[in-house]
Every structure is written in C-alpha cells, then in structure tokens.
Amino acid sequence: MVKFIHTSDFQLGMTRWFLEGEAQARFNDDRMESVVRLGELARETGAEFIVVAGDVFEHNALSKNTLSRAKETFRNLPVPVYLLPGNHDPLVADSVLRKPFADNVHVIADFAPIEFRPGVEIVGAPYLTKRANYDLVREALAPLEPYDGVRIAVGHGQVEARDSEADVIDLRFVEEQIEAGVIDYLALGDTHSTQELGSSGRVWFSGSPETTAFDDRERGSGNALIVTVDGGEVDVVKHRVGRWHFRALEADVNSMEDVERFLKEVDELPYKRRTAVKYGLRGTVGLEAQARLEQGLADLEPVFASLRPRERTMDLHLAPSEEELANLDLHGFAADALADLVGNLHDPVARDAANLLFRLTAKEA
C-alpha cells in the first residue's frame, strides 16, 4: 500500500492583473503558504510523498526572491516531493528546475522510472521544450512492461484536442495501460480545477492548490488529492487547501429593489480580504438607483481584494424618470446642462456627469 499527495500548477511567481499593491502581495504569500499546507496535509494523512504534475513555476525567469522562498518552502516539506517540468517551466537549458534544490526535492528530468522505495515507482513525462509535438505520456509509458508493485505516472497536458495540437494525451491508451497493470494511477496537471477523467477512477487533474481564475471558467480549484493505492484498489480523496475565491457575478438590475438585492449579494460574500469579484450588470435604472448602486459598490470596494465591473458584460443603462428630473429642482444653466446629459446617456462620460449632478443636487436638498 502507498499513499501520496497529487497536486499541480503552483505557478509560483504568478501575478493577477486585477490585484494591486497589498492584495497582490497577500496573494503571493498565500500561494506559497498553500505549499506549506500540503506538507501539513501529508503529516495529517500519512502521505509518503508529493507529486507536482507540472507548472511548479509561472516561468523560468523568476525573481531571486520568489525562487529563494520556493526552495526554502520545499526544503521544509516533511516528505519527498517530485517536481515535473510543465509547459510553463520546461526543462530547457536555463530552467529554474536545473538549479540545486534540497535533498528531499526531486526533479523528474526524463522518462525513466524512479524508485521511491522497493515496490513503488514514479514515472514522469516532463516537458523538455516549451511545446511538445507528440504525446509525452505515451512516450513515457509505451516502453514499460506490467509492474508487480505500485507505479504512479505523472503527466501534464490536455486529453482532448485543442486546435489539432499534437501533444494531446491519449486517454484511451492510458486506460489500456492501467488495465494491463503497467501503471496504477496517472497524476495530471494543466487544468487548474479538480477533475476525474475517463472511467477507471485512476486518472485525475488535481487542479491548482490555490485559486487562479474566476469561477465562470475555473471551478473546483484550491484542492489537493490524497491518493491511496492498496492491493490493486485506488482511492482518491479531495482536500481543500486554498484560501482565495475569484467570483464572477451576473445580475439583471432594473429597479432600486434589484440594486439592493445585488449589493446584499456582494456584501454577504465571505472572506472578502481573499476574494476578487468581477460583475456584469444588465438593465435600466433611474438616477436614484444608479447613485445608490455606485455608492454601495464604492463602500464595498476597499474591503475586497478586488471588486470591479466586467466591462465586456456590463449593459446597464441610465433612464431617469420625469419625476426624478422634476424633483431635482434645477434652473438655468444647471437645468440646461442636465437636459444635454440626459440626451446623451449612452455616453459613459455623460452618464457619470448626470449621476454626479444628481448626487450633488440631492445632497444640497
């Protein structure tokens, strides 16, 4: 029996354009801390080693600070860790994975099986160039014979064709190798969300241990997998290790009630310091509702890691009612200016100016 942790896609050194200043620094720290939590998980569960299925680093041109912190973090892990070069950090001449690491850190540098201990092997399919023009996993597994012990394969990439790429992993071939006893499990990286593949129960994407993208396209990240192979049976258990949440919100807003409902939804999101939100709103509102929405979002923005509109999906229009315009009690130049602005509300500058004029007038009243 062997128990290990399957993880991938740390992409240490990653930045997110929507995080600024202190929020980006906090994100960097938490991404490194997610690796620390993998070590804690190994202690708690009795896992013997950790396999990282590619993209340990965001790229090979890392800052000295990021690389030094990563080495120290890996060195302090309580179990051996096996790092697979991926497409972000291929094992090219200047790869950071060619630099010396601690004794407990092993880089999977070729297709040769690695003996972890008698009866347990790890075989990897590393990226040796930025792009592969063939199925690396097949290249690693095809020469192998059935194995009486436990053999864990580690790969990186997709199992379905994207734009006719040649490096797609042949899932049917992999499951034939599992059935033949060549390998017991394939640990995959590349997709950042946890996902089981095929029908054997032995091929998984672990997903990134910390969230990296919004949940409209990355669902189920922030996990690590505890894999147990025992007597020919394989058990995979998902454990949450991530702290961050990237939420994509959409809402129809056509009244003050809709505005309050949306602001309440945003305000009730937990873990705001580690939550980034992008929102798209559709509908038509009056001056008062628009002003309430803008003020409410302005009040919430500082407590989130990021809170910003998704411009591509924003379709919110301003249409003040006659009653709202009458209640402003504007005269002379101010009234003429508002009339011009109302006639050009399709222009964001005009809309913002009308909102400002409304707020100032309401405040004076």
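Everything discussed here concerns the structure shown above.
This one's a predicted model, so the numbers in the text were calculated from it and none came from an experiment. (Residues numbered from 1 in each chain as written. Predicted model: local features only at pLDDT ≥ 70, side-chain atom pairs only at ≥ 80, totals over all residues. Heavy atoms only, no water.)

Spatial strand order, S5-S6-S7-S8-S10-S9: six strands in an open sheet with mixed pairing. A single partner strand is all that each edge strand has here, and the edge strands are strand S5 (114-117) and strand S9 (195-197). For this sheet the average axis-to-axis angle between neighbouring strands, irrespective of direction, equals 25 degrees. Bridging between strand S6 (residues 120-124) and strand S7 (residues 150-156) involves five bridges; their strand directions are parallel. Across the sheet, Val 123 pairs through a bridge with Ala 153, a residue of S7. (Pairing = 2+ DSSP bridges. Helix = DSSP H or I, 4+ residues; strand = E, 2+ residues; numbered from the N terminus. Axes fitted to C-alpha atoms, helices over the stretch in contact; angles between N-to-C directions.)

Let us look at the packing of aromatic side chains. Following the criterion strictly, the structure yields 16 aromatic pairs and no others. Taking 5.1 Å as the distance between ring centres and 80 degrees as the angle between the ring planes, the aromatic pair formed by Phe 27 and Trp 244 counts as edge-to-face. One end of the pair, Phe 27, is in helix H1 (residues 21-45); the other, Trp 244, is in the loop between strand S12 (233-240) and strand S13 (245-252), and 217 residues separate them in sequence. Grouping residues by exposure puts Phe 27 and Trp 244 together as buried. A ring pair is formed by Phe 49 and Tyr 82, whose centres lie 5.9 Å apart and whose planes are at 85 degrees; its orientation type is edge-to-face. Highlighted residues: Phe 49 in strand S2 (residues 49-52) and Tyr 82 in strand S3 (residues 81-83), separated in sequence by 33 residues. We classify Phe 49 as buried; its relative accessible area is 0%. For the cation-ring pair, Lys 71 lies above Phe 101, with the distance from its terminal atom to the ring centre recorded as 5.5 Å. Cation over ring: Arg 138 sits above Phe 173, and NZ or CZ is 4.1 Å from the ring centre. (Phe/Tyr/Trp six-rings, centres within 6.5 Å; stacked < 30°, edge-to-face > 60°. Buried < 20%, exposed > 50% of the residue type's maximum accessible area, 1.4 Å probe, protein only. Lys NZ or Arg CZ within 6 Å of the ring centre and 35° of its normal.)

Running from N to C, H1 and helix H2 (residues 64-75) point in directions that differ by 20 degrees, and their axes come no closer than 9 Å. By the angle between their axes, H1 is roughly parallel relative to H2. For H1 against H2, the interelement crossing comes out right-handed. Residue-level contacts link Asp 29, Met 32, Val 35 and Val 36 of H1 to Thr 66, Arg 69, Ala 70, Thr 73 and Phe 74 of H2. A per-class count over the contact of H1 with H2 returns five nonpolar, two polar and two charged. (Parallel < 35°, antiparallel > 145°, perpendicular 65-115°, else oblique. Left-handed = near helix turned anticlockwise from the far one by under 90°. Contact = heavy atoms within 4.5 Å. Nonpolar A, V, L, I, M, F, W, Y, C, P; charged D, E, K, R; others polar.)

For the rest of this paragraph, the subject is H2. End to end, H2 covers 16 Å across twelve residues, agreeing with the expected 16 Å (1.5 Å per residue, within 8%). Looking only at H2, the buried set comprises Thr 66, Leu 67, Ala 70, Thr 73 and Phe 74. One side of H2 holds all its buried residues, which, seen down the axis, span an arc of 130 degrees. Pointing more than 90 degrees away from the buried face of H2 are the exposed residues Lys 64 and Asn 65. (Expected span 1.5 Å × (residues − 1). Arc of directions from axis to C-beta.)

It is worth spelling out the pairing of strand S16 (residues 315-318) at this point. The alternating pattern of S16 places Leu 316 and Leu 318 on a buried face, while none of Asp 315 and His 317, on the opposite face, is buried. Sheet analysis places strand S14 (residues 275-285) next to S16, joined by four bridges and oriented parallel. Its bridge partner lying in S16, Gly 283 is registered against Leu 316.

A few words on the pattern of salt bridges. Applying the stated criterion to the full structure yields 21 salt bridges. In this structure, the salt-bridge partner of Glu 22 is Arg 26, at a minimum N-O distance of 2.3 Å. Taken together, the positions of Glu 22 and Arg 26, both in helix H1 and four residues apart, correspond to about one turn of that helix. For Arg 26, a relative accessible area of 10% puts it in the buried group. Here Asp 252 ties to Arg 282 by a salt bridge, and the two come within 2.9 Å at their closest N and O atoms. Here Arg 282 lies in strand S14 and Asp 252 lies in strand S13, a separation of 30 residues in the sequence. The exposure class assigned to Asp 252 is partly exposed, which follows from its relative accessible area of 49%. Its relative accessible area of 31% is what places Arg 282 among the partly exposed residues. Beyond isolated ion pairs, a larger network of salt bridges with shared partners links Asp 216, Glu 250, Asp 252, Lys 278, Arg 282 and Arg 310. (Salt bridge = Lys/Arg side-chain N within 4 Å of Asp/Glu carboxyl O.)

Attention now goes to the side chain of Arg 26. One polar contact links Arg 26 to Glu 22, side chain to side chain, over a distance of 2.3 Å. Once you skip the residues sitting within four places of it in the chain, Arg 26 turns out to touch Trp 244, Arg 273, Arg 274 and Ala 305. (Polar contact = N/O pair within 3.5 Å; in protein donor to acceptor, adjacent residues only side chain to side chain.)

None of this, on its own, says anything about what the molecule does.
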